[in-house]
Amino acid sequence: MKIEEVLKEGKRILNENDIEDANLIARILLEFILDMDRSEIIIKQEQEVEKENEEKYKNLIEKIVQGIPLQYITNNQEFMKLNFYVDENVLIPQPDTEILVEEVIKIAKKEAKEKILDICTGSGCIGISLAKAMQNAKITMSDISKNAIEIAKKNSKENNVLERTKFIESDMFENIKEKFDIIVSNPPYIETDVIRTLSREVQNEPKLALDGGEDGLKFYRILIKEASNYLKNDGYLCMEIGYDQKEKVIELARKEEVFSKIDIVKDLSGNDRVIICKR
């Protein structure tokens, strides 16, 4: 089959299975298999596709139909204009999390905060983006998952910030022994019972990185209760939250009576997305 025919068949299968963005996904997968960019696909659309690549393409189309996220197939997701390796061991970085990163950069630059802990780091997208944006930053990234730590290391190396990043395998603060200017986290915050109602793509992401416990607040309780032990004076705890969690997380923060200021930042859709607590 020719390139244009293979692409058309991929689009047909995805559309028949009601896959959102079917045309885009079909093209990206073919670019991935043939190692071509979009312009090459167009220019060479009459070129024959080797049978082996045709079969590979069909197999990947089937994975999409089964709910495997595109990013786990191509092992890539862009975040803060950087490329990150991702697989089934880590969450796929989302655009909303860029709001969290941007707020931390503002604070760090304005107040010369250089020592930062990214807890529940996953792919490392937050910590690595901070290291990339601030040449003087010293970033520690921690995660309970050994596989996630290895992926964060890989991404740190690929994005040329390995010399300014440190990695700790840790269940929350368990193995953290230092104090920081800023603690930043995008913790698991989906209620356990809600996970099974989400899209198949999301359910194929690691449950460990999604499940925030019965009420979705399990990890905020730990972060808020213990953060003051790991923050320097005038340090900041910056957290991403679910769109409906603002009041509950603020209540947790106020109960601790260690934060002098609590601010909320909305995402581009107008949802409450980031909570910033100043010690």
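It should be emphasised that the depicted structure is a prediction, and the values quoted were computed from it without experimental measurement. (Residues numbered from 1 in each chain as written. Predicted model: local features only at pLDDT ≥ 70, side-chain atom pairs only at ≥ 80, totals over all residues. Heavy atoms only, no water.)

When helices and strands are counted, the protein shows twelve helices and nine strands. Relative to the 2.2 N^0.38 estimate, which gives 19 Å for 279 residues, the radius of gyration of the protein is 21 Å and therefore close to what a compact globule would have. For the protein, the C-alpha atoms occupy an extent of roughly 65 × 40 × 35 Å along the three principal directions. Burial status across the protein gives 50% buried among its 279 residues. Accessible area of the protein: about 14,400 Å², with a carbon and sulfur share of 45%. Here the protein contributes 43 positive and 55 negative side-chain charges, whose respective centroids are spaced 5 Å apart. (Helix = DSSP H or I, 4+ residues; strand = E, 2+ residues; numbered from the N terminus. Rg over C-alpha atoms; globule rule 2.2 N^0.38 Å. Buried < 20%, exposed > 50% of the residue type's maximum accessible area, 1.4 Å probe, protein only. Areas by Shrake-Rupley, 256 points an atom, 1.4 Å probe, with all protein chains shown as cover. Lys, Arg positive; Asp, Glu negative; His and termini not counted. Charge placed at Lys NZ, Arg CZ, Asp CG, Glu CD.)

Turning next to the nonpolar core. Membership of the largest hydrophobic core comes to 31 residues, with the highest contact counts inside it found for V104, I116, L130, I182, V184 and C238. Mapped onto this core, the elements with two or more residues apiece are β2 (82–84), α6 (97–111), α7 (125–133), β4 (138–143), α8 (146–158), β6 (180–185), β7 (231–240) and β9 (272–278). (Core = buried A, V, L, I, M, F, W, Y, C linked by side-chain atoms within 4.5 Å.)

Where strand β8 (residues 261–266) meets β9, six bridges bridge the pair, whose relative direction is antiparallel. If you follow I262 over to β9, its bridge partner there is C277. Connecting β8 to the next strand, β9, in antiparallel fashion are five residues, including G270 with a positive phi near 85 degrees. (Pairing = 2+ DSSP bridges.)

Attention now goes to the packing of aromatic side chains. If you walk through the whole model with that rule in mind, you get three aromatic pairs. When the centroid spacing of 6.2 Å and the interplanar angle of 75 degrees are considered together, the rings of F79 and F84 count as edge-to-face. Each member of the pair, F79 as well as F84, carries the same accessibility label: buried. Measuring from ring centre to ring centre gives 4.6 Å for F173 and Y230, while their planes differ by 10 degrees; the resulting arrangement is stacked. Of this pair, F173 sits in the loop between β5 (165–169) and β6 while Y230 sits in the loop between α11 (218–226) and β7, and the two are 57 residues apart along the sequence. Against the face of Y85 rests K154, its NZ or CZ located 5.0 Å from the ring centre. (Phe/Tyr/Trp six-rings, centres within 6.5 Å; stacked < 30°, edge-to-face > 60°. Lys NZ or Arg CZ within 6 Å of the ring centre and 35° of its normal.)

With that out of the way, let us pick up the pattern of salt bridges. Note on pairing: side chains with opposite charge can pair once their charged atoms come close. Using the criterion set out here, one finds 24 salt bridges in the structure. Between E150 and K153 there is a salt bridge, with its nearest N and O atoms 3.7 Å apart. Placement of both E150 and K153 in helix α8 is noted, with a separation of three residues, approximately one turn of the helix. The class of E150 is partly exposed, set by a relative accessible area of 41%. For E251, the salt bridge goes to K255, with nearest N and O atoms at 3.7 Å. Note that E251 and K255 are positioned in helix α12 (residues 246–256) at a spacing of four residues, about one turn of the helix. Taking the relative accessible area as the measure of exposure, K255 reaches 59% and is therefore exposed. (Salt bridge = Lys/Arg side-chain N within 4 Å of Asp/Glu carboxyl O.)

Examined against the element boundaries, T121 turns out to sit in the loop between β3 (115–119) and α7. Assessed through its relative accessible area of 5%, T121 is described here as buried. Excluding residues within four positions of it along the chain, T121 makes contact with M141, S142, D143, I149 and A152. (Contact = heavy atoms within 4.5 Å.)

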